[in-house]
Amino acid sequence: MFDIQNIRSQFPILSQKINGKDLVYLDNAATSQKPLLVLDCWMKYYTEINANVHRGIHTLSQLATEEMELSRRKIQKFINAKHDFEVIFTKGTTEGLNLIAYSLTNLIKKDDEIIISYLEHHSNIVPWQMLCQRTGAKLKVIPMDENGVLQIDFLDKNLSEKTKIVSVNQVSNALGIVNPIDEIISKTRANSNALIVIDGAQSVPHMKIDVQKMDCDFFVFSGHKMYAPMGTGILYGKEEILRKIQPFHGGGEMIASCSFEKTTYADLPFKFEAGTPNVGGNISLGAAIDFMENIGHENIQNHENALLDYAQKKLLEIDGLRIYGEKAKRTGVVSFNLEGIGIASDVGMILDKLGIAVRTGHHCTQPIMDFFDIAGTVRASFAVYNTFEEVDILVEGVKKAQKMLS
Ligand code: PMP
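Residues numbered from 1 in each chain as written. Predicted model: local features only at pLDDT ≥ 70, side-chain atom pairs only at ≥ 80, totals over all residues. Heavy atoms only, no water.

## So, the packing of aromatic side chains
Consideration 1: By the definition in use, this model includes 13 aromatic pairs.
Consideration 2: Between Phe371 and Phe372 the ring centres are 5.0 Å apart and the planes differ by 85°, which places this aromatic pair in the edge-to-face class.
Consideration 3: Under the relative-accessibility criterion, Phe371 is labelled partly exposed at 25%.
Consideration 4: Site record: aromatic cluster; members linked through ring pairs are Phe11, Tyr227, Phe291 and Tyr385.
Consideration 5: For Arg243, the ring lying beneath its charged end belongs to Phe85, and the centroid distance is 5.5 Å. (Phe/Tyr/Trp six-rings, centres within 6.5 Å; stacked < 30°, edge-to-face > 60°. Buried < 20%, exposed > 50% of the residue type's maximum accessible area, 1.4 Å probe, protein only. Lys NZ or Arg CZ within 6 Å of the ring centre and 35° of its normal.)

In structure tokens:
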């Protein structure tokens, strides 16, 4: 049974006061809070088994290695990767995307094309621009309409043998829009040999992921948005491609042999994991998966979608409030502005005084803000521990901010 009070009791941070008010934490798209299961796992790692992995003969090192590899297999199952060595530990989505863009450099030539979408986070724009600068490839962008819906007909005219990479997010962080990645992937497969990269930073916390069914070549996400510690993340890549591409970082752990004349690289996944990893974090990411699976994906999704529907309905009762992407399929996020109040951060500051944490600004998606000709939005984003009462508090807070600012 879905027991919200039981879930909330696992997040000590939620039961504190901010500015004298009960904390209402609605900035989950930036980072989620961490449950006791994850905090205890982290603490246990550092109090009982901290040691460097894959190096020592001693017991602690072996224990730390076993635990981290166990976590890798848990993540493999969580996203349904075919092999555990297709799961690479990173420090987050940004690092994963940079790794892919760098490691593909040798396979990209002048006048090749890379397609992204209008709805991308800067971290799924800039690494591709940098790749274009290194290689002379061209960046193309799938447009969107006024509702924030991607115009994927664009792919019919623009996919060709020149297209080498298509990289899109599954869910937009700024607007919460769920992109039609199944159609994007099938169009891409039918009309090109492009590699498909999916940014799952905002989908993994909310929906069940199956990378084999999805048939992407790469899938990246961050641990800290799905109840795991900061500095954790995953890059999934298909074996065949991971074997073909060059490593991103050079150093310890990623070599098979090293001399001044010649270095050979370690097998997967270590070829992409240079240096000492975030062992405690990577193990705790496994605990975050346990936390989510104990509740169940369907329960998480149903609760969060109900919160979103309720928030949308209540917010739209406020005169002059506009929700961006209102009519599109969305999850986890409601992004809005109040008519006549040009600065979203003014609303955010008033909400903060009321104990309500939201994010305001461009959300690292300046092209989306430019499209709507705005500087930013107020974004409330949900996690499994949020309640309908918290939505009511948000709505009352927004009304108060409107009164104070107009
Ligand atoms: N892509 C999307 C869709 C995101 O929401 C974020 C985080 N806001 C990122 C990429 C970057 O993630 P991180 O900062 O954890 O590397």
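From this point, things continue past the structure.
## Points about the pairing of strand β8 (residues 195-199)
Where a strand is regular, its side chains alternate between the two sheet faces.
Consideration 1: Here β8 lies mainly inside the structure; five of its five residues are buried.
Consideration 2: Judged by which residues are buried, β8 turns out to be covered on both faces: Leu195, Val197 and Asp199 on one side and Ile196 and Ile198 on the other are all buried.
Consideration 3: Summarising the sheet, strand β7 (residues 163-169) and β8 pair through five bridges and their orientation is parallel. Across the sheet, the residue bridging to Asn169 is Asp199, located in β8.
Consideration 4: A crossover connection joins β7 to the parallel β8 through helix α7 (residues 181-191); in handedness this β-α-β unit is right-handed. (Helix = DSSP H or I, 4+ residues; strand = E, 2+ residues; numbered from the N terminus. Pairing = 2+ DSSP bridges. Right-handed = clockwise from strand over helix to strand, strands pointing away.)

## Some details on the layout of surface pockets
Consideration 1: Counted as a void, the largest pocket has a volume near 390 Å³.
Consideration 2: Lining the largest pocket are 17 residues, and of these Gln170, Ile181, Asp182, Met207 and Lys208 sit closest to its centre.
Consideration 3: Listing elements by their share of the lining of the largest pocket, those giving two or more residues are α7, α8 (211-214) and α11 (297-316).
Consideration 4: When residues of the lining of the largest pocket are sorted by domain, at least three fall in each of domain 1 (4-27 + 296-405) and domain 2 (39-293).
Consideration 5: Roughly 290 Å³ of volume is contained in the second largest pocket.
Consideration 6: Along its surface, the second largest pocket is lined by 21 residues, and Thr94, His121, Ala201, Ser222 and Lys225 are the ones closest to its centre.
Consideration 7: Classifying every residue of the lining of the second largest pocket gives five nonpolar, eleven polar and five charged.
Consideration 8: Summarising the domain contributions, the lining of the second largest pocket has at least three residues from each of domain 1 (4-27 + 296-405) and domain 2 (39-293). (1 Å grid on protein atoms, 1.4 Å probe; cavity = no way out; pocket = protein on both sides within 12 Å on 5 of 7 lines; lining within 4 Å. Points joined across faces, edges and corners; volume = space filled by probe spheres on them. Domains from an automatic or database assignment. Nonpolar A, V, L, I, M, F, W, Y, C, P; charged D, E, K, R; others polar.)

## What about empty space enclosed by the protein?
Consideration 1: Overall, the coordinates contain two cavities of 30 Å³ or more when judged by the stated rule.
Consideration 2: Here the largest cavity defines a volume of roughly 80 Å³.
Consideration 3: Considering the residues around the largest cavity, the lining is formed by 14 residues, among which Asn28, Pro205, His206, Lys225 and Phe382 are closest to the centre.
Consideration 4: Its residues placed into classes, the lining of the largest cavity shows six nonpolar, six polar and two charged.
Consideration 5: Taken domain by domain, the makeup of the lining of the largest cavity includes at least three residues from each of domain 1 (4-27 + 296-405) and domain 2 (39-293).
Consideration 6: In this structure, the second largest cavity occupies an estimated 40 Å³ of space.

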